[in-house]
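# Examination of the molecular architecture
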Amino acid sequence: MQAADQEMRNTITGKYPDGTPISAEDTEWWESMDGANTERMKQIITEHGWPGISLVGRDGAFAAWLLIQHADHDREFQRQCLAMLQSSAAAGEAEAKNLAYLTDRVRVGEKRPQVYGTQMHSVDGEYVPEDIEDADHVDERRASVGLGPLADYVAEIRK
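Quick caveat, the model's predicted, so the values are computed rather than measured. (Residues numbered from 1 in each chain as written. Predicted model: local features only at pLDDT ≥ 70, side-chain atom pairs only at ≥ 80, totals over all residues. Heavy atoms only, no water.)

This brings us to the pattern of salt bridges. Scanning the model with the defined rule gives 14 salt bridges in all. Here R9 ties to D5 by a salt bridge, and the two come within 2.6 Å at their closest N and O atoms. With R9 and D5 both in helix 1 (residues 2-15) and four residues apart, this pair spans about one turn of that helix. We classify R9 as buried; its relative accessible area is 10%. Ionic pairing is found between E110 and R79, a salt bridge with its closest N-O pair at 2.7 Å. Of the two residues, E110 is situated in the loop between helix 5 (96-109) and strand 1 (120-123) and R79 in helix 4 (residues 75-90); the sequence distance between them amounts to 31 residues. (Salt bridge = Lys/Arg side-chain N within 4 Å of Asp/Glu carboxyl O. Helix = DSSP H or I, 4+ residues; strand = E, 2+ residues; numbered from the N terminus. Buried < 20%, exposed > 50% of the residue type's maximum accessible area, 1.4 Å probe, protein only.)

Structural data, given as structure tokens:
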């Protein structure tokens, strides 16, 4: 599921320069893929709980997080998964940096400032972070979950 998700995203984003509208066909492909992956993740989580490292390995735990990260069309499910991921990370069953990304993704989706500065948007063709709560201390929070300084992250995204 992760491989198909990434192949679709790379194919579509490679076809459209930043700011160019995506075709109806590619939008349908994107939404269909995200919808199918979300439904499958709901089944997996209902049956097994959060797919932590001891259950599915590091690669599987990463894939689970990534697919939930892309479930923006189902914010309530993302919030439910965020709570499970918090518990999982506290137990050493998930990466803290993945928790940071999902925390920010949910908050930005709810029109609230992010905490770790992981979510970006384009302004006049240049990527900038979405609003950040207590921006003066963002690098301290990023370091606490294993992320590098925000300035380095922004530079990498822009590159």
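Between helix 1 and helix 2 (residues 24-48), the least distance of the axes is 11 Å, while the angle of their chain directions is 160 degrees. Overall, the two elements helix 1 and helix 2 adopt an arrangement that is roughly antiparallel. Two packed elements cross with a definite hand, and for helix 1 against helix 2 that hand is left-handed. When helix 1 is examined against helix 2, the residues A4, D5, M8, R9, T11, I12, T13 and K15 are found in contact with a partner set consisting of D26, W29, W30, M33, D34 and N37. Partitioned by chemical class, the residues of the contact of helix 1 with helix 2 number six nonpolar, three polar and five charged. (Axes fitted to C-alpha atoms, helices over the stretch in contact; angles between N-to-C directions. Parallel < 35°, antiparallel > 145°, perpendicular 65-115°, else oblique. Left-handed = near helix turned anticlockwise from the far one by under 90°. Contact = heavy atoms within 4.5 Å. Nonpolar A, V, L, I, M, F, W, Y, C, P; charged D, E, K, R; others polar.)

Topologically, S87 is positioned in helix 4. We classify S87 as exposed; its relative accessible area is 51%. When the C-alpha atoms of S87 and D34 are compared, they prove to be 24 Å apart, with 53 residues separating the residues in sequence.

Our next topic: the pairing of strand 1. Regular strands place side chains that alternate from one sheet face to the opposite one. Note that strand 1 and strand 2 (residues 126-129) share four bridges and pair antiparallel. Within strand 2, the residue paired with S122 across the bridge is Y127. Between the end of strand 1 and the start of strand 2, which pair antiparallel, lie two residues, with D124 showing a positive phi angle near 50 degrees. (Pairing = 2+ DSSP bridges.)

A separate point is unusual backbone geometry. Even without being a glycine, K111 presents a positive backbone phi close to 65 degrees. As for its placement among the helices and strands, K111 is situated in the loop between helix 5 and strand 1. Its relative accessible area of 76% is what places K111 among the exposed residues.

Time to look at the packing of helix 3 (residues 53-69) against helix 4. Contact pair helix 3 / helix 4: the axes reach a minimum separation of 10 Å and the direction vectors enclose 150 degrees. In terms of orientation, helix 3 lies roughly antiparallel with respect to helix 4. Considering how the two elements wind past one another, helix 3 and helix 4 form a crossing that is left-handed. Residues W65, I68 and Q69 of helix 3 form the contact with helix 4, whose own contacting residues are F77, Q78, C81 and L85. Counted by class, the contact of helix 3 with helix 4 contains five nonpolar, two polar and no charged residues.

Our next topic: the environment of I157. With respect to the helices and strands, the residue I157 is situated in helix 7 (residues 150-158). Residues within four places of I157 in sequence aside, it is in contact with M120 and Y127.

What follows concerns helix 5. In a regular helix each residue adds 1.5 Å, so 14 residues correspond to 20 Å; helix 5 covers 20 Å between its end C-alpha atoms and thus fits that length. Where burial is concerned, most of helix 5 is hidden: ten out of the 14 residues are buried. Those residues of helix 5 that sit buried are N98, L99, A100, Y101, L102, T103, D104, R105, V106 and R107. Where helix 5 is buried, its residues contact helix 3, helix 4 and helix 7. (Expected span 1.5 Å × (residues − 1).)

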